[in-house]
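Coordinate inspection notes
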Amino acid sequence: MTRDRATTDGTRGTAIEVHPVAGHIGAEITGVDLAGGLDDAEVAAIRAAVLRWKVVFFRDQRLDHTGHVEFARRFGQPVVLRRRGSASPEKHPEIETTADRLELGGRFGMEHDEWLRRRRHHPLRGWHCDHGARVDPPAATILRAETVPPYGGDTTWANLAAAYAGLSAPVQRFVDGLRAEHRLGVGYQPRPGDDAYVRHLLDHQVATLHPLVRVHPETRERVLYVNGYYVEQIDGLSRAESAAVLGMLLEQAVRPEYTVRFRWQPGSVAFWDNRATIHLAPSDTAHLDAPRIMHRVMLAGDVPVGVGGTPSQPLTGTAPGRW
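Residues numbered from 1 in each chain as written. Predicted model: local features only at pLDDT ≥ 70, side-chain atom pairs only at ≥ 80, totals over all residues. Heavy atoms only, no water.

Glancing now at the overall build of the chain. A count of helical and extended segments in the chain gives 7 helices and 17 strands. Since a compact globule built from 323 residues should have a radius of gyration of about 20 Å, the 19 Å found for the chain is in line with a globular shape. Taking the principal axes of the C-alpha coordinates as reference, the chain spans close to 60 × 50 × 35 Å. Within the chain, the proportion of its 323 residues that are buried is 54%. Here the contacts in the chain between residues at least 6 apart in sequence split such that 80% fall between residues at least 24 apart. (Helix = DSSP H or I, 4+ residues; strand = E, 2+ residues; numbered from the N terminus. Rg over C-alpha atoms; globule rule 2.2 N^0.38 Å. Buried < 20%, exposed > 50% of the residue type's maximum accessible area, 1.4 Å probe, protein only. Contact = heavy atoms within 4.5 Å.)

Set out below in structure tokens:
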């Protein structure tokens, strides 16, 4: 197995080893106990691995809610989700707990399966970055598995920096100066008559004009900032032109060579750069009589900036640092 020693990134005195698991994205980190308290060298090694490989994985960790938050704080400021506070464990507002098969749980007059059918209007709809419609999406996400099915339930990530680098030079020049509208509820097919979910979207709408190519604030890589979940329209293009270009770019972003797929186990932790990746949550467990319970902490991010230095522009329902 190929191994990247943590010491290649300038840290010394740590037993951490970084094992890449795919050609462009993903690495498993061994030699560290996330619940044991990290020293500065370990933090530096993990941070370098996240920036290099975009998503890193830890196995057999013994994190509880307090330890999860403490680990996250070594890398940034955890976000507190006021609107979804009911999904947080008691006394841990930084954590959002998700149980995939029960996420909607009869809200808005429909079960989770119907909600998925109505919002997934094309096969790549599920690919997203976390809270991408905000003007300042989270910088990173740390997801911990508590209970998983005996099979199924994998998550897949794509490296958006590698996807941009893989575009031809003429297409890179074309997309470098474009911006796109990211909005909640894109592509959702309303129910006949009154639709409580549509009313919810209108009452809580969030939308931002983001650069189509973002410059990563730490690595300075150019990132193809596109996803199938939030992106509505490329600014300045007709709807037909926009649909064709977005379809091409999204297919580029999720080409198999730019992706990695992770098999969860209880105690697994994934830590990803939300600025340079999109991910796809599993949709293969709804028929299984087995729960999938995960705990998520997100780290506060900054406002994306495009190739020409223009920052993202909030359109509605979003402001930097206000959750």
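Once the structure has been displayed, the description carries forward.
Another aspect to go through is the packing of aromatic side chains. Applying the stated criterion across every chain yields a total of 11 aromatic pairs. Taking 5.9 Å as the distance between ring centres and 80° as the angle between the ring planes, the aromatic pair formed by phenylalanine 71 and phenylalanine 271 counts as edge-to-face. Linking phenylalanine 71 in helix 2 (residues 65-73) with phenylalanine 271 in strand 14 (residues 269-273), this pair joins segments that are 200 residues apart in sequence. Overall, phenylalanine 71 belongs to the buried group, its relative accessible area being 2%. For phenylalanine 271, a relative accessible area of 3% puts it in the buried group. Taken together, the aromatic side chains of Phe57, Trp157, Phe262, Trp264 and Trp272 make up a single cluster linked through ring pairs. A cation over an aromatic ring shows up here: arginine 52 above the ring of tryptophan 53, its NZ or CZ 3.8 Å from the ring centre. Arginine 134 extends its terminal NZ or CZ atom over the ring of tryptophan 323, reaching a point 3.8 Å from the ring centre. (Phe/Tyr/Trp six-rings, centres within 6.5 Å; stacked < 30°, edge-to-face > 60°. Lys NZ or Arg CZ within 6 Å of the ring centre and 35° of its normal.)

Bear in mind that shape data such as this cannot, by itself, settle questions of function.
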